[in-house]
Amino acid sequence: MERKDIIRVVMEKEYQISPEAVELIYSSDSSEDLLKYVLLTVNDSVIVIGVEDIDLEGFAAFSAGESPLDKIHASSTEERKILSGASMLSSRSGNPSSKPDSFLVPDPLSESVLSSEPDAITAAPDPSIKSSQDSVPDSSVQDMVLDKAYEPAPDTPDTPDASNTPDTPDASNTPDTPDASNTPDASNIPDASNTPDTLDIQSENILSDETSASNLVSDSISSVKAPPQTFSSRSSLDVNRSVSSFFGQDNSLSSFPSNRSFRTEPSSSEREIFLDSRDEYKHYPGKNPVTVVSDITGHSTCVGEYMQFVQYFRDRYSRLSEIIRGRINARPIESLKRRNFRRGGDGGSEEISIIGMVSDISSTTNGHKILSLEDPTGSFSVLIRNSDKELFELASKILLDEVIGVTGSITNDGSLMLATKLIQPDVPNSVQRRTGTHGKAVLISDVHVGSSQFMEDAWLDFLDFLKGESDSEDMRELAASVRYLVVAGDIVDGIGIYPDQELELDILDVYEQYRKAAEYFREIPERIRVIISPGNHDAVRQAEPQPALPESIQAYFPESIVFVGNPAFLELDGVRLLIYHGRSIDDLVATVPGVSYQEPAGAVLEMLKRRHLAPTYGSRVSISPEKKDYFIIDPVPDIIHTGHVHTLGVQRYKNVLLVNSGTWQGQTEFQKRVNLVPVPARVPIVDLENFDVKILAFD
């Protein structure tokens, strides 16, 4: 077994490994068995496998008798089966080239597919796809899932109240909401005679197994520390399920007997602070104060149980739907199946609104798009016609698992909604820019200390600038105004992140990488408050949200540095800053038309429209189902700072500044193979008073 094979296997098991540990395993007479033993017995708290984690005596003792590997492996396999059975989600393909909307279903607007089957949307069975119901726990767990309350609002007019419709300034100005003038004429809404009762979804899977080079951004393709059996994902093909994949086993309306909201949420005015009651602010006082408003560090409770997935999606739906509910008068999905909808005087059906999480995206044979939406009470299908160009373009950017509002009319058989409007949570036009704070904030990311491509000379020039030792008087004056330095992840290059990475490392030990990085950061003047958040190359769990760097590593750095998780919501002397390393940019580039690595701020803008940093669950980003969804963007920050893709981008959207900082690493061999050209040694500096941005070049 070669050294690179050892590193590759460890990487696939979502750990890192020190060079000394690699040598110890490699020199063993039974290197393959020893590696298996180490991976099956290593403590879950270990991020980097070192020599101290390899129990040679234990391995020898067990090897002398009945094979411990068989026992441990069998036990581990059984545990995985139990966890898999308890999960409410089946496997969703992580293939970056997968396009869930490429499935074709018969066109419901075509007479050639008329059916007299019962009202249902069914999928042709596919033996390769396991029904999500197979992995749902028994009724005792079901009772636990449905312990929260949800019921429809009291009888309200079937037509949304004008004061709450998207025509109010808060929603009508939202660019993603098409104007009513662009919607189809009500008289063109098909009659029941022209609408099939059943949509037979074809089962042909036309997903590609090839990985597009555009999906491969950084050298870290699959570095995930979280146990794979814990963070399972569900398949976009699993459309033939009789239970809600998001909200538990039984999602009937009667199961939610009290309030219309199944999770109590603060009012809009109270959402200034969006921590759970168990969270506490962390204040770092001084001339450059920092308040950590939201951060997973110290608050993670996830062990991958079924109920945690339910709670995670409920929290996401509850908080995002509350934002949308302020713009439309929505009803529970279950109510659509319990009543007949009147025909209007013009021959068209009345318009109603629902809010749901997108569980499936497909296309009809005639090119229309069908979205399957779920809320805690049920699921429903929405059709977007390609003749409505503006609406169809917006629908083409809708992602799995995002929460949206839909307004439209229901066909006479009650099986389908014909959409006229789509509403994303988005940022309201009324968001005011905060002013009054003085000084500058420097935003950087992806330093990659330890890499052979780390641009040390440029970095040292940057440190000289911060210390006020530049040759230019203007640069010295600018440096004197810097109050904050914010680092959005990937402080070091790490080890075992991708195959053959050791060939491009100057420092082979991850702890030595951090010691070297700490030396650099000790040169930064104490008058500048440094804030460090981790990335996927850092020695923390790779399932997001990530906690701050462990205390053993923090000890290398100056005590004045503030270490936070990823993502983290901060206040810098009153200015709201949201830090996110940005791994979900990979998913957005692969799935949203027009988003590219060359303009990374465009990907952040798509996050902001959805008010979520990682909308699709189970794709490139491994997400830990915590009690609270830390990826929700609420309240709206003044600045969103991301990194990860090694390119620079700055953009403004509705008084929110979006900054994707570049890198301090030159082009690696891997990046050359995928034609990724980084933008290194460029530093965005933000004026905290007016949010003007200057870009300084140090290369």
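What counts and how
Residues numbered from 1 in each chain as written. Predicted model: local features only at pLDDT ≥ 70, side-chain atom pairs only at ≥ 80, totals over all residues. Heavy atoms only, no water. UniProt positions renumbered as here; feature names shortened; annotations may be inferred. Helix = DSSP H or I, 4+ residues; strand = E, 2+ residues; numbered from the N terminus. Buried < 20%, exposed > 50% of the residue type's maximum accessible area, 1.4 Å probe, protein only. Contact = heavy atoms within 4.5 Å. Areas by Shrake-Rupley, 256 points an atom, 1.4 Å probe, with all protein chains shown as cover. Pairing = 2+ DSSP bridges. Axes fitted to C-alpha atoms, helices over the stretch in contact; angles between N-to-C directions. Salt bridge = Lys/Arg side-chain N within 4 Å of Asp/Glu carboxyl O. Phe/Tyr/Trp six-rings, centres within 6.5 Å; stacked < 30°, edge-to-face > 60°. Lys NZ or Arg CZ within 6 Å of the ring centre and 35° of its normal. Parallel < 35°, antiparallel > 145°, perpendicular 65-115°, else oblique. Right-handed = clockwise from strand over helix to strand, strands pointing away. Core = buried A, V, L, I, M, F, W, Y, C linked by side-chain atoms within 4.5 Å. pLDDT = per-residue confidence, 0-100. Nonpolar A, V, L, I, M, F, W, Y, C, P; charged D, E, K, R; others polar.

You'll find the protein chain entered in an unreviewed UniProt entry as DNA polymerase II small subunit, with Methanosarcina barkeri 227 given as the organism. Note on the protein chain: under the UniProt heading Subunit (unreviewed entry), the record states "Heterodimer of a large subunit and a small subunit."

S.K.: Whenever I open this one, the overall build of the protein chain confuses me. Can you help?
M.R.: Along its length, the protein chain carries 16 helices and 23 strands. Relative to its 699 residues, the protein chain shows a buried fraction of 58%. Counting only contacts in the protein chain whose residues sit at least 6 apart along the sequence, the fraction spanning at least 24 positions is 76%. Counting every atom, the protein chain has about 27400 Å² of accessible surface; 47% of that belongs to carbon and sulfur.

S.K.: Mind showing me how you'd approach the environment of Leu688 here?
M.R.: The residue Leu688 is located in the loop between strand 22 (682-687) and strand 23 (693-697) in this model. Each C-alpha atom of the pair Leu688 and Gly574 lies 9.5 Å from the other, and the pair is 114 residues apart in sequence. With residues near it in sequence (within four places) discarded, Leu688 still touches Thr437, His438, Gly439, Lys440, Ala441, Tyr484, Val575 and Ile639.

S.K.: Honestly, the environment of Ile25 in this entry has me stumped. Any pointers?
M.R.: In this structure, Ile25 sits in helix 2 (residues 19-26). Judged by its relative accessible area of 0%, Ile25 is buried. Along the backbone, Ile25 and Leu56 are 31 residues apart, and their C-alpha atoms lie at a distance of 9.7 Å. Those residues in contact with Ile25 that lie beyond four places of it in its chain are Ile6, Ile17, Ser31, Leu34, Leu35 and Ile54.

S.K.: Please clarify how the sheet that holds strand 18 (residues 575-579) should be interpreted in this entry.
M.R.: Within a sheet, each strand pairs with its neighbour through backbone hydrogen bonds, oriented either parallel or antiparallel. Read across the sheet, seven strands follow the order 6-7-17-18-19-21-20 without closing on themselves; strand pairing throughout is mixed. Two strands in the sheet have a free side with no partner beyond their single neighbour: strand 6 (282-284) and strand 20 (649-653). Neighbouring strand axes in the sheet, compared pairwise and without regard to direction, differ in orientation by 20 degrees on average. Sheet strands touched by helix 15 (residues 600-610): strand 19 (639-642), strand 20 and strand 21 (656-660). Its angle to strand 20, the strand with the most contacts, is close to 35 degrees.

S.K.: How should the pattern of salt bridges be read in this particular structure?
M.R.: A side chain with one charge may pair with a side chain of the opposite charge, provided their charged atoms come close. Counting across every chain of the model gives 19 salt bridges. With a shortest N-O distance of 2.6 Å, Arg515 and Glu512 are connected by a salt bridge. Taken as a pair, Arg515 and Glu512 lie in helix 12 (residues 510-521) at a separation of three residues, close to a single helical turn. What emerges from the salt-bridge pattern is a single network uniting Glu402, Glu606 and Arg610.

S.K.: It is not clear to me how the side chain of Thr411 should be interpreted in this structure. Could you clarify?
M.R.: In this fold, Thr411 is placed in the loop between strand 11 (403-410) and strand 12 (417-423). Using a relative accessible area of 3% as the deciding quantity, one classes Thr411 as buried.

S.K.: It is not clear to me how the sheet that holds strand 14 (residues 482-488) should be interpreted in this structure. Could you clarify?
M.R.: Pairing within the open sheet is mixed, and its six strands lie in the order 16-15-14-13-22-23. Looking at the sheet topology across the chains shown, the edges are occupied by strand 16 (562-563) and strand 23. Relative to strand 14, strand 13 (residues 440-444) is paired through five bridges, and the arrangement is parallel. Within the sheet, the bridge partner assigned to Leu443 lies in strand 14 and is Val486. Packing against the sheet, helix 11 (residues 473-480) makes contact with strand 13, strand 14, strand 22 and strand 23, and its axis sits at approximately 80 degrees to strand 14.

S.K.: How should the packing of aromatic side chains be read in this particular structure?
M.R.: Within a pair of aromatic rings, the relevant descriptors are the distance that separates the centres and the angle that separates the planes. Summed over the entire model, instances satisfying the criterion amount to 18 aromatic pairs. For the ring pair Phe521 and Phe557, a centre distance of 5.9 Å and an interplane angle of 65 degrees mean the geometry is edge-to-face. In this pair, Phe521 sits in helix 12 while Phe557 sits in the loop between helix 13 (551-554) and strand 16, placing the two residues 36 residues apart along the sequence. Measuring from centroid to centroid gives 6.1 Å for Tyr580 and Phe631, while their planes differ by 90 degrees, and the two rings are edge-to-face. Remark: Phe631 occurs in the loop between helix 15 and strand 19 and Tyr580 occurs in the loop between strand 18 and helix 14 (585-591); sequence separation between them is 51 residues. Across this residue pair, the class does not change: Tyr580 and Phe631 are buried. Each residue in the set Phe454, Trp459, Phe462, Phe465, Tyr520, Phe521, Phe557, Phe563, Trp664 and Phe698 is aromatic and connected to the rest through ring pairs, giving one cluster. The ring of Tyr26 carries the charged tip of Arg3 above its face, separated from the ring centre by 4.0 Å.

S.K.: Just checking my understanding: could you explain the packing of helix 2 against helix 3 (residues 31-41) for this structure?
M.R.: Helix packing geometry: the angle between the two helix axes and the distance between the axes. Helix 3 packs onto helix 2 with a crossing angle of 130 degrees between their chain directions and a minimal axis gap of 8 Å. The angle between helix 2 and helix 3 falls in the class oblique. Contacts between helix 2 and helix 3 involve Leu24, Ile25 and Tyr26 from the former and Ser31, Leu34 and Leu35 from the latter.

S.K.: Got a minute to help me understand the pairing of strand 14 in this structure?
M.R.: Two faces make up the sheet, and in a regular strand the side chains alternate between them. Burial analysis of strand 14 places seven of its seven residues in the buried class, the great majority of the element. In this structure, strand 14 lies alongside strand 15 (residues 529-533), joined through five bridges in parallel fashion. Following the sheet pairing, Leu485 is matched in strand 15 by Val530. Read from strand 14 through helix 12 to strand 15, the crossover connection turns out right-handed.

S.K.: For this particular structure, what's the right way to read the nonpolar core?
M.R.: A general feature of soluble globular proteins is that nonpolar side chains tend to end up buried together. Formed by 46 residues in total, the largest nonpolar core has its most connected members in Phe462, Leu485, Phe521 and Trp664. Of all elements in the fold, only strand 13, helix 10 (456-466), helix 11, strand 14, helix 12, strand 15 and strand 22 reach the threshold of two or more residues within this core. If you look at the next biggest cluster of nonpolar residues, it comprises 45 residues, including Val293, Phe569, Met607 and Ile633.

S.K.: What's the story with the confidence of the model for the protein chain in this structure? I'm lost.
M.R.: The predicted coordinates of low-pLDDT regions are not to be read in fine detail. Taken over all residues, the pLDDT of the protein chain has a mean of 75, while the share at 70 or more is 67%. Below pLDDT 50 for its whole length, residues 111-244 participates in 347 contacts with residues either more than four positions away or in separate chains. Segment residues 250-279 is flagged for pLDDT under 50; beyond a separation of four residues in sequence, or across chains, it makes 92 contacts in the model.

S.K.: Please explain the packing of helix 10 against helix 12 as it appears in this structure.
M.R.: Put simply, helix 10 and helix 12 touch, their axes get as near as 11 Å, and they point 35 degrees apart. Here Glu456, Trp459, Leu460 and Leu463 of helix 10 come into contact with helix 12, specifically with Lys516, Tyr520 and Phe521. When grouped by side-chain class, the residues that make up the contact of helix 10 with helix 12 number five nonpolar, no polar and two charged.

S.K.: Explanation requested: unusual backbone geometry in the structure shown.
M.R.: Negative phi values dominate among residues other than glycine, just as trans dominates among peptide bonds. Looking along the chain, the bond that leaves Glu544 and enters Pro545 is cis, with omega of 0 degrees. Topologically, Pro545 is positioned in the loop between strand 15 and helix 13. Pro635 follows Asp634 through a cis peptide bond whose omega is 5 degrees. Here Pro635 shows up in the loop between helix 15 and strand 19. Non-glycine residue His448 carries a positive phi angle of around 60 degrees. Following the sequence through the fold, His448 ends up in the loop between strand 13 and helix 10.

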